[in-house]
Amino acid sequence: MTSINDQHARILACDFGTGGVTFGLYNPHTNKMEGFGGAVYQDRANLSEPQWVEQDPRDWINATPLAMAELRSKVAFSENDIVGIGIGGHMHALVLLDRHNQPITVDNQLLCGAIMWNDPRGEPEGQFLSEKLGQPIPARMTLSRILWFAEHYPTQWQQQVHRVAVPSSYIALELTGEFGVGPGDASGMTGQLNDLGQIDEPSITALIPELHNRLPTVGRSGEVLGELNARGAELLGLPIGIPVAYPEGDQPVGMIASGCCRPGDASVSLGNSVVLNVVGTTPILSQRGPIDSFRTVTGDHLLMTCVTSGTIVYDQLVELFKPLWPKDRTIAELQDWLAEEAAAVPPGCDGVAALPFYGGEGVLRQPNAFASWLGLRKGDLNAGVLARSSMEASCLMMRYGFECMRAEGLAEVSQLVLSGGGSKNTLWPQVVADIFKLPVVMPQDADEAATRGAAYLALHMLERQAPQARSLEALLEERVVLSQPIVPRSVNFEVYDEMLPVLIDTAARLVPLYDHPRFTLFI
């Protein structure tokens with residue numbers, strides 16, 4: 001096998017997102033992603049409730065060779081050039097597997113797909129688990145959905161389920177035959193890890209006894225999960241035996257692509273969810289909703305505010321205007337036009353407040369929340385106001401979580417590192433800077449941060465095998481290159497400071513409507 005020191009050596013990085021998979025080819029000698037290949041998959045249709053969100057995990061596997069084929073069409077490399085593989089995946093989704101490591105079926109039909117992070121199920125279960133475990137367990141956490149499944153499908157839960165996985169650990173199991181996960185994704189499954197950095201199985205199995213021996217082992221950054229097996233080699237078109245790093249969740253992986261590994265380092269991901277991540281020194285377990293306490297890839301504390309209604313608030317507007325958009329112009333041009341229209345609207349939108357909760361909102365613990373606009377007057381119903389107010393609302397929800405963290409003694413944050421697809425927007429980064437009153441910078445390949453982060457995981461694994469291995473922090477110090485900062489505009493601070501409590505108070509006043517049978521689609 002080719003050595004990492006060979007000039008032909010390359011790393012294969014995988015990011016299994018909610019809308020598709022991206023494979024990237026990383027050159028460790030030039031620190032460049034030389035090419036990307038992808039394939040899409042869809043949510044399952046015709047579910048029992050309109051707000052439920054599931055995917056068939058087998059679609060992720062089927063998309064793998066398609067993404068590899070596209071990667072090979074973009075950049076030439078030999079199968080023998082690949083010296084390591086890193087895997088990242090969207091967090092929290094519940095993947096239940098039988099004794100053959102396949103999703104649970106009844107009469108050859110999928111019983112339940114992977115329950116996705118933005119599915120509204122799990123709020124009552126999360127409340128129950130929070131009380132019993134003495135820590136905040138959000139509805140989107142895998143453990144909440146495990147309890148939901150066990151209560152609704154008791155026979156299958158007791159007799160058919162052999163393993164409980166999340167996307168990254170399921171993919172890695174398929175590729176290597178080994179069942180493990182990184183500390184970030186593990187804590188996103190079940191909450192706080194024990195003193196050994198493993199899942200606290202005794203506490204959890206006291207509530208859900210069948211979980212014993214069904215959960216993955218936990219390995220930190222730099223550790224080898226296993227080697228590519230025959231099945232993995234077939235899917236990727238690569239030789240058997242290539243080392244594979246412990247897989248991780250997309251948020252912890254995106255943080256290392258952003259160089260965030262020290263207390264006070266903070267990143268913002270503008271993806272399907274809008275997420276603020278801060279490296280902390282201790283967990284914050286006093287608030288359920290605004291703050292989640294997970295782990296980084298090295299097992300340090302990760303404080304997170306996850307806004308369920310992420311870039312979907314922008315995507316919905318793109319879909320609204322798409323039928324009116326000239327056929328000879330691209331969707332990217334439509335997105336740019338929306339940003340230009342939004343930039344022409346003053347910060348604060350002259351009092352228009354958006355509550356763009358298209359699929360509930362986890363920060364507010366409101367699975368039934370819906371989108372609404374308040375304060376619209378004559379002349380306000382236009383593309384610019386709708387777009388800017390949606391951006392501002394998502395960022396203000398993150399700011400709310402940030403202020404909750406600061407109230408709990410968060411270390412000083414000096415800048416935000418921005419990544420995700422929304423980082424390409426010409427306005428959104430400035431809105432983030434103004435609302436947080438902090439400079440915003442971006443890493444290389446900001447819109448593919450999870451893929452680059454997976455490459456760093458594999459590189460750290462390979463370097464750890466050397467006689468004089470260095471820390472992940474030292475690796476990132478050398479590899480991560482940040483852009484010039486986007487400077488916050490102090491003239492906008494006051495309007496956003498005034499908007500924040502109004503937005504939170506308004507959402508609280510709408511709770512009776514969110515729960516009213518007239519508006520409730522999911523119970």
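Because the structure is predicted, anything quoted here is derived from the model rather than measured.

The rules behind the values
Residues numbered from 1 in each chain as written. Predicted model: local features only at pLDDT ≥ 70, side-chain atom pairs only at ≥ 80, totals over all residues. Heavy atoms only, no water. Phe/Tyr/Trp six-rings, centres within 6.5 Å; stacked < 30°, edge-to-face > 60°. Helix = DSSP H or I, 4+ residues; strand = E, 2+ residues; numbered from the N terminus. Buried < 20%, exposed > 50% of the residue type's maximum accessible area, 1.4 Å probe, protein only. Lys NZ or Arg CZ within 6 Å of the ring centre and 35° of its normal. Core = buried A, V, L, I, M, F, W, Y, C linked by side-chain atoms within 4.5 Å. Contact = heavy atoms within 4.5 Å. Axes fitted to C-alpha atoms, helices over the stretch in contact; angles between N-to-C directions. Parallel < 35°, antiparallel > 145°, perpendicular 65-115°, else oblique. Nonpolar A, V, L, I, M, F, W, Y, C, P; charged D, E, K, R; others polar.

Colleague: Could you clarify how one ought to interpret the packing of aromatic side chains in this entry?
Modeller: Each aromatic ring pair is described using two quantities: the centre-to-centre distance and the angle formed by the ring planes. Tallied over the full model, the rule gives 12 aromatic pairs. Aromatic pair Tyr26 and Tyr456: ring centres 6.0 Å apart, planes at 90°, arrangement edge-to-face. With Tyr26 in strand E2 (residues 20-27) and Tyr456 in helix H14 (residues 449-464), this pair connects stretches of sequence that are 430 residues apart. Under the relative-accessibility criterion, Tyr456 is labelled buried at 0%. Directly above the aromatic system of Trp52 lies the positively charged group of Arg121, at a separation of 3.7 Å from the ring centroid.

Colleague: Honestly, the nonpolar core in this entry has me stumped. Any pointers?
Modeller: One recurring pattern in soluble globular proteins is that nonpolar side chains are buried together. Residues Leu276, Leu416 and Phe436 are the most contacted members of the largest nonpolar core, which totals 59 residues. It is helix H12 (residues 383-407) that provides the largest number of residues to this core, a total of 11 residues. Discounting residues that sit within four places of it in the chain, Leu276 has contacts with Ser267, Val268, Leu303, Met304, Thr305, Met398, Phe402, Met405, Leu416 and Phe436. Membership of the second largest hydrophobic core comes to 43 residues, among which are Leu94, Leu96, Ile146 and Val218.

Colleague: How should the side chain of Glu123 be read in this particular structure?
Modeller: Inspection of the secondary structure assignment puts Glu123 in helix H2 (residues 123-133). Apart from the residues lying within four places of it in its own chain, the contact partners of Glu123 are Ala139, Arg288, Arg365 and Pro367.

Colleague: Honestly, the packing of helix H11 (residues 331-343) against H12 in this entry has me stumped. Any pointers?
Modeller: The axes of two packed helices give the description: the angle between them and the distance between them. Where H11 meets H12, the closest approach of the two axes is 7 Å, and the angle between their N-to-C directions is 90°. Considered as vectors, H11 and H12 are oriented roughly perpendicular to each other. Two secondary-structure elements touch here, H11 through Trp337, Leu338, Glu341, Ala342 and Ala343 and H12 through Ala383, Gly384, Ala387 and Arg388. Across the contact of H11 with H12, the residue classes break down as 6 nonpolar, 1 polar and 2 charged.

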